[in-house]
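If you want the building blocks of each chain, they are given just below.
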Amino acid sequence: MTLGRQLRRPDLPTAGARWCEAALPEGSVYRFLARERGRLFPPELFADLFQATGRRSVPPSILAVVMVLQRLEGLSDREAADRFAFDVRWRYAAGVADAVAGEETASFASTVLVDFRARLRASADPDRIFRVTCELARQAGLVGVKRVLDSTPLEDAVATQDTVTMLRGAIRGLLRACPPALKTKVQAGLRREDDYTAPGKPACDWTDRAAREALVDALVRDGYRAHYALRGERLDPRTAEAAALLATVTGQDIEETDDGRFRIFEGTAADRVISTVDPQARHGHKTAAHGFDGYKGHVAVDPDSEIICAAEVSPAATGDAVVAPTLLGDLAPDQGGPTAGGVVYGDSAYGTGTHLAWMDEHGLAPMVTTQLPAAPGGRFAKDQFRVDLQAQTVTCPARVTVAIRPARRGGGRAWFGAACSVCPLRDACTSSVRGRVVTIHPHEVTLAAARARQRDPVWRADYRATRPKVERKLAHLLRRRHGGRRARVRGLVRVTQDWKLLAGAVNLARFATLGLRSTSTSWQVQPA
């Protein structure tokens, strides 16, 4: 397929374009895209996605506009194709408001969007639309040295599965992935009376505990038999991926009893796969009371212009601070020195010792809150003990001093032991029969400095005035449930691509609101 280019047809009537120019407000994203589309999405931006010969494609500048509006309005591919065919605002934004019926730019099938996304995903620059908006913001001087970080749950596009369903689904997935000869070999080793062709749960009397346990044991044994049949075989990538998923599902929730049977153990395994349909989704917790299944969307926003400077997606179980260095890559690049005066705002999820130390190392000023020490039952918290890191001692409220026992990975522990048994403040300090233990973090100095810093009224006033701006930007991203709060696609790569496209679309809408215009040589914000 070759690169399609928009035709210039000055002889066509312009009634639709004139109507949109008169009716749409100045800050409309449709007007912005119609005016700046040629500089935002020139044909050269997408040239690498197409071949030199073949059937001509729908012009990629049109598809880019449609994808942007699709993400802003939370539409499916079929709805977006219909909207482009019949909504004059969309056609005006794409530069074909008065195209004649039957022309190649008058309409297209929804599968064209699927193909275009696949081409982008397979390219060396899959997130080029978002990248263009970030570069444009820097050229226009809309991005400074401040960043506000936050994350939000992205609910998975598939249903969470129980262990029995995943065990059977993983075996079915392996059989589908195997080439015919290997599939026959794997099937020959299975012993359950099940051909593993129909989806869903196997038949079982779920009210009978013995029947449930027998089913789990049989499924696990079939899983091990399937893996045994693969021994010595050269597996293609698809089969190897299915075999790895079966091994994960077989091992994550299963334990072997003393009598040699397999059963589901109580509790939840760390980093647990929750669905064989989307193996990269995970259980997550935004708060202690709010759990979700799927992924986390992360953003870094400039608080002055409210432009999204970076966006990433991680499995739901990933900590926010783990992704932060990626979001701050433009302030603290791997090569070259950090940006002078860089300031980072964030809630306590970013106030970990490791992340604070990373920001100090890269010259970034941390405006992130750090969790204050707490103790169960309202007892003495850690900040009521005096920690002397130079002397390597800890003194309790009763003025008992003990030495810190160093830990292998840094930090250590201070154990008061027998001193607690005769202490008059024992009930207000600990309920342990072994006495109070105070844990010293490897980055204790950094954490202590952060807690002292956030007590400053000036610091708190700056934090309260700046950090909430990211909440408004997340509300813009998530205002549509389809493709916002709930992912439209499956798999980390696809969800990341979709999230960054949404971030780029929201940036373009912000440019329109700010009155950004192109000049002969650059970009500038027009005063209202």
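First things first, this report covers the structure right here in the doc. The model shown is predicted, which means the values in this text are computed figures rather than measured ones.

### Digging into the overall build of the protein
So, step 1. Within the protein, the secondary structure is distributed over 17 helices and 16 strands.
So, step 2. In the protein, which comprises 528 residues, the share counted as buried stands at 48%.
So, step 3. Excluding contacts between residues fewer than 6 apart, the proportion of contacts in the protein whose partners are at least 24 apart in sequence is 67%.
So, step 4. Within the protein, one finds 75 positive and 60 negative side-chain charges whose respective centroids are separated by 2 Å.

### Considerations on the layout of surface pockets
So, step 1. Of the volumes computed, that of the second largest pocket is approximately 640 Å³.
So, step 2. Lining the second largest pocket are 27 residues, with R176, L245, T276, V277 and P279 sitting closest to its centre.
So, step 3. Of all the secondary-structure elements, those providing two or more residues to the lining of the second largest pocket are α8 (163–177), α11 (237–252) and α17 (492–514).
So, step 4. Across the lining of the second largest pocket, the residue classes break down as 11 nonpolar, eight polar and eight charged.

### What about the sheet that holds strand β10 (residues 393–395)?
So, step 1. Taken in spatial order, the three strands make up an open sheet running β9-β10-β11, and their pairing is antiparallel. Of all the strands in the sheet, just β9 (386–388) and β11 (401–403) have a single pairing partner and so form its edges. Going across the sheet, the axis of each strand differs from the next one's by a mean of 20°, ignoring polarity.
So, step 2. Note: β10 against β11, three bridges, orientation antiparallel. Note on β11: the bridge partner recorded for V394 is V402.

### Quick notes on the pattern of salt bridges
So, step 1. For the coordinates displayed, the defined rule picks out 34 salt bridges.
So, step 2. Across the pair R35 and E36 runs a salt bridge whose closest N-O atoms are separated by 3.0 Å.
So, step 3. For R35, a relative accessible area of 31% puts it in the partly exposed group.
So, step 4. Between D150 and R467 there is a salt bridge, and its shortest N-O distance comes to 3.6 Å. Of this pair, D150 sits in strand β1 (residues 146–155) while R467 sits in the loop between α15 (457–466) and α16 (469–477), and the two are 317 residues apart along the sequence. Here the two residues D150 and R467 agree in accessibility, since each one is buried.
So, step 5. Here the salt bridges do not stand alone but share partners, grouping E21, E26, R31 and R517 into one network.

### Overview of the pairing of strand β13 (residues 412–415)
So, step 1. The alternating pattern of β13 places G412 and A414 on a buried face and R413 and W415 on a face that is not buried.
So, step 2. Here two bridges tie strand β12 (residues 405–406) to β13, and the two strands are oriented antiparallel to one another. Considered in β13, the bridge of P406 is made with G412.
So, step 3. If you look at the hairpin formed by β12 and β13, you'll find five residues sitting between the two strands, and G410 has a positive phi there, around 100°.
So, step 4. Taken together, the four bridges between β13 and strand β14 (residues 437–440) define a ladder with antiparallel strand orientation. When the bridges of β14 are listed, A414 appears paired with V438.

### Considering α11
Residue pairs three or four apart in sequence face the same way in an α-helix, which turns once every 3.6 residues.
So, step 1. The end-to-end C-alpha distance of α11 is 22 Å, a good match for the 22 Å that 16 residues give at a rise of 1.5 Å each.
So, step 2. Contact partners of the buried residues in α11: α8, α9 (180–189), α10 (209–229) and β2 (254–256).
So, step 3. Measuring from the backbone nitrogen of R238 back to the side-chain oxygen at the start of α11 gives 3.1 Å, which picks out D236 as the cap.

### Thoughts on the nonpolar core
Side chains of nonpolar character tend, in soluble globular proteins, to be buried together.
So, step 1. The biggest cluster of nonpolar side chains holds 80 residues, and the ones touching the most others in it are L33 and F41.
So, step 2. The contact partners of L33, leaving out residues within four places of it in the chain, are L40, F41, V65, V68, L69, A93 and L508.

### A few points about the environment of G173
So, step 1. Mapped onto the elements of the fold, G173 is located in helix α8.
So, step 2. For G173 and S432, which are 259 residues apart along the polypeptide, the C-alpha to C-alpha distance reads 50 Å.

### A look at the environment of T268
So, step 1. Relative to the helices and strands, T268 is located in the loop between β3 (262–264) and β4 (282–285).
So, step 2. With a relative accessible area of 60%, T268 lands in the exposed category.
So, step 3. As a C-alpha pair, T268 and Q252 span 16 residues in sequence and 8.5 Å in three-dimensional space.

### A few points about the sheet that holds β13
So, step 1. Overall, antiparallel pairing links the three strands, which are arranged β12-β13-β14 in an open sheet. Sheet topology places β12 and β14 at the edges, where each strand pairs with a single neighbour.

### Points about the packing of aromatic side chains
The description of two aromatic rings rests on the distance between their centres and on the angle between their planes.
So, step 1. Tallied over the entire structure, the rule returns six aromatic pairs.
So, step 2. A centroid spacing of 5.4 Å and a plane angle of 10° characterise the contact between W459 and Y463, whose relative ring orientation is stacked. Of the two residues, W459 and Y463 are both situated in helix α15; the distance of four residues between them amounts to about one turn of the helix. Judged on exposure class, the residue W459 and its partner Y463 are both buried.
So, step 3. One Lys or Arg, K201, reaches over the ring of W206 and ends 4.8 Å from the middle of that ring.
So, step 4. Here R434 stacks its cationic end above the ring of W415, 5.6 Å away from the centre of that ring.

Cut-offs used in this document
Residues numbered from 1 in each chain as written. Predicted model: local features only at pLDDT ≥ 70, side-chain atom pairs only at ≥ 80, totals over all residues. Heavy atoms only, no water. Helix = DSSP H or I, 4+ residues; strand = E, 2+ residues; numbered from the N terminus. Buried < 20%, exposed > 50% of the residue type's maximum accessible area, 1.4 Å probe, protein only. Contact = heavy atoms within 4.5 Å. Lys, Arg positive; Asp, Glu negative; His and termini not counted. Charge placed at Lys NZ, Arg CZ, Asp CG, Glu CD. 1 Å grid on protein atoms, 1.4 Å probe; cavity = no way out; pocket = protein on both sides within 12 Å on 5 of 7 lines; lining within 4 Å. Points joined across faces, edges and corners; volume = space filled by probe spheres on them. Nonpolar A, V, L, I, M, F, W, Y, C, P; charged D, E, K, R; others polar. Pairing = 2+ DSSP bridges. Axes fitted to C-alpha atoms, helices over the stretch in contact; angles between N-to-C directions. Salt bridge = Lys/Arg side-chain N within 4 Å of Asp/Glu carboxyl O. Expected span 1.5 Å × (residues − 1). Polar contact = N/O pair within 3.5 Å; in protein donor to acceptor, adjacent residues only side chain to side chain. Core = buried A, V, L, I, M, F, W, Y, C linked by side-chain atoms within 4.5 Å. Phe/Tyr/Trp six-rings, centres within 6.5 Å; stacked < 30°, edge-to-face > 60°. Lys NZ or Arg CZ within 6 Å of the ring centre and 35° of its normal.

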